[in-house]
Structures are given as structure tokens and as C-alpha cells.
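# Inside the fold
Chain by chain, the residues run as shown.
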Amino acid sequence: MNADDRLELTRAPIDVGALYAWATHAGAGGVALFSGTARDVHEGQSVLSLEYEAYDEMALASFRELARATRARVPDLKKLAIVHRLGPVPIGEASVVVVASCPHRAEAFLACRFAIDELKKSAPIWKKEKLGEGGERWVENKPS
Amino acid sequence: MELEVRLFAGLREALGRDKVSVRLPEGARVADLVAQLAREHAPLAPHVGRFAVAVNLAVASREQGLRAGDEVALLPPVGGGAPGRPEGAPR
């Protein structure tokens, strides 16, 4: 694995500031950070909390492939962090964070956007919503 | 050969456990594994067309051959946020 990649699954709250600090780089004039946070409503229904489950080994393998693909697309990428939280995630807290640092902002945004979009498509990580009106459901990714 | 098959998310809950084992003839393919599992575990049957099968940490086609020792998992469609409207898409 590239030493400038930080690819993790965690059951603890994600320290967004620490990831930002890790991604700063003397050669990077831009750091783009995306934080996917647990939302209290989905398709009009109130959501009390979220829970994430992963096929850990395959998810980490998909993160490594994702990092490789992101670096192929954005060759000037300096540091790349992809961190996903598992288990219960309270509303408002980060479930996934991607940070990319690059010489210029356009590339930083591009790398960050590409990595999170591809992660959502390919990483074997599932989300369960606990609903305000009772019950729970596994939510599938929507194609658009 | 006997393979252990890992289950996740809704499939894990449907069967009430996180792995099942399945006995298959030599030369079996992923499609044979899926058919055998659906026969042996009724709660899986309605989901057969909707999950992917991973073999050794990569998504496999239904035609892929299986070998003893392969790590197999059933993967329901992945969860996550919707990416939102693409830029320039009509509103």
C-alpha cells in the first residue's frame, strides 16, 4: 500500500480534524474533504439512527483498489484518506470521510469526488436505518 | 467439496446466522452454489437474483468455477447515500 494512503474501517467516531491534519502536505495547495453524515430523514421517513455493516476484508481490498484508481486518475494526488465507520452511527455524525490533498484545488475536488462516488458503488458496506415510526430497513444504493 | 459461505446484512438476518456451509460436486460454478443454497435455505430463494457472489474478495460471475478453500460470500446490493443529481441534469 502507498504510504500516502490511509484506508481504514473503524467502530469509533471518526476524528475528521485528525484526518485533515494528516492529509496536509507541503506540496499540496488544496485539501478537499468530504464527510458523509447520518441524516434524520430518508425518502420522507424519519430516521432515528443508522448502522453500518461491512465485509471487512473485501471492503479494505476495495479501498486499496479505489486508491489505486484515484491515483491513476489524479496523478498529482499527494495524500488520500478513506475512512468508514461501522456499527451504530448517531444522526449528525460522520459515517464516511474522504480527504484528498493535491497541488491545486481542482484536482483535490476531483480526487475526493471520484473516491467517494466509487466507494458508494463498489465497497461491500451496508446501511440499516432505524425508523422513527418503528421498524428498521436495509437501504440499497440508488443508481442516480 | 464443502465451502463456507459468509452472509451479510439482510441475508444474514434472513437466515439468522453469518455463515452457512454447502456441499458441491467438483467443478461446480457459482451458479450451482446459488441454486444449491436456495434449495437448502428457503429464506434465500426470493433474493437469488438480487445478490452478488464474492469469491476470494472479488465479485464473481455466475459462470466462475469454484475450488475447495475458496472464500465465498453473498453480497446484497450495497448501501450508502445517493450521489444526487449529476451536474447539468434536467430538473
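Preceding this section is the structure that the text describes.
Quick summary incoming for the structure in this document. (Residues numbered from 1 in each chain as written. Chains lettered and ligands numbered in written order. Predicted model: local features only at pLDDT ≥ 70, side-chain atom pairs only at ≥ 80, totals over all residues. Heavy atoms only, no water.)

Turning next to the nonpolar core. Counting residues in hydrophobic clusters, the biggest one holds 30 residues, and the most contacted among them are A:Phe63, A:Leu77, A:Leu80, A:Ile82, A:Val98, A:Leu119 and A:Ile125. Mapped by element, the contributors of at least two residues to this core are strand 4 (45-54), helix 2 (56-73), strand 5 (79-85), strand 7 (94-102), helix 3 (105-122) and strand 8 (125-131) of chain A. Sorting elements by how many residues they give to this core places helix 3 of chain A first, with six residues. Leave out the neighbours within four places in its chain, and A:Leu80 touches A:Asp4, A:Asp5, A:Arg6, A:Trp22, A:Ala67, A:Thr70, A:Arg71, A:Val98, A:Val99 and A:Ala100. In terms of nonpolar packing, the next biggest core, distinct from the first, is built from 22 residues, B:Leu7, B:Leu15, B:Leu24 and B:Leu37 among them. (Core = buried A, V, L, I, M, F, W, Y, C linked by side-chain atoms within 4.5 Å. Buried < 20%, exposed > 50% of the residue type's maximum accessible area, 1.4 Å probe, protein only. Helix = DSSP H or I, 4+ residues; strand = E, 2+ residues; numbered from the N terminus. Contact = heavy atoms within 4.5 Å.)

Below, the discussion takes up the sheet that holds strand 1 (residues 2-7) of chain B. All names here are of chain B. With mixed pairing, five strands are arranged side by side in an open sheet as 2-1-5-3-4. The open sheet has two edge strands with one neighbour each: strand 2 (19-23) and strand 4 (58-60). Sheet twist, expressed as the average angle between the axes of neighbouring strands with direction ignored, equals 35°. Summarising the sheet, strand 3 (residues 52-55) and strand 5 (residues 72-75) pair through four bridges and their orientation is antiparallel. Following the sheet pairing, valine 55 is matched in strand 5 by valine 72. Strand contacts of helix 2 (residues 30-40): strand 1, strand 2, strand 3, strand 4 and strand 5, with the helix running at about 110° to strand 2, the strand carrying the most contacts. (Pairing = 2+ DSSP bridges. Axes fitted to C-alpha atoms, helices over the stretch in contact; angles between N-to-C directions.)

This next bit is on the sheet that holds strand 7 of chain A. Residue and element names in this part refer to chain A. Reading across from one edge, 1-5-7-2 is the order of the four strands in this open sheet, with mixed pairing throughout. On the outer flanks of this sheet lie strand 1 (5-10) and strand 2 (30-37), each paired with one strand and no other. Averaged over all adjacent pairs, the angle separating strand axes in this sheet is 5°, with direction ignored. In this sheet, strand 7 lies alongside strand 5 in antiparallel orientation, the contact comprising six bridges. By the bridge assignment for strand 7, isoleucine 82 is matched with valine 98. Helix 2 rests against strand 1 and strand 5 of the sheet, and its axis sits at about 155° to strand 1. Contacts from helix 3 reach strand 2, strand 5 and strand 7 within the one sheet, and its direction differs from that of strand 7 by about 145°.

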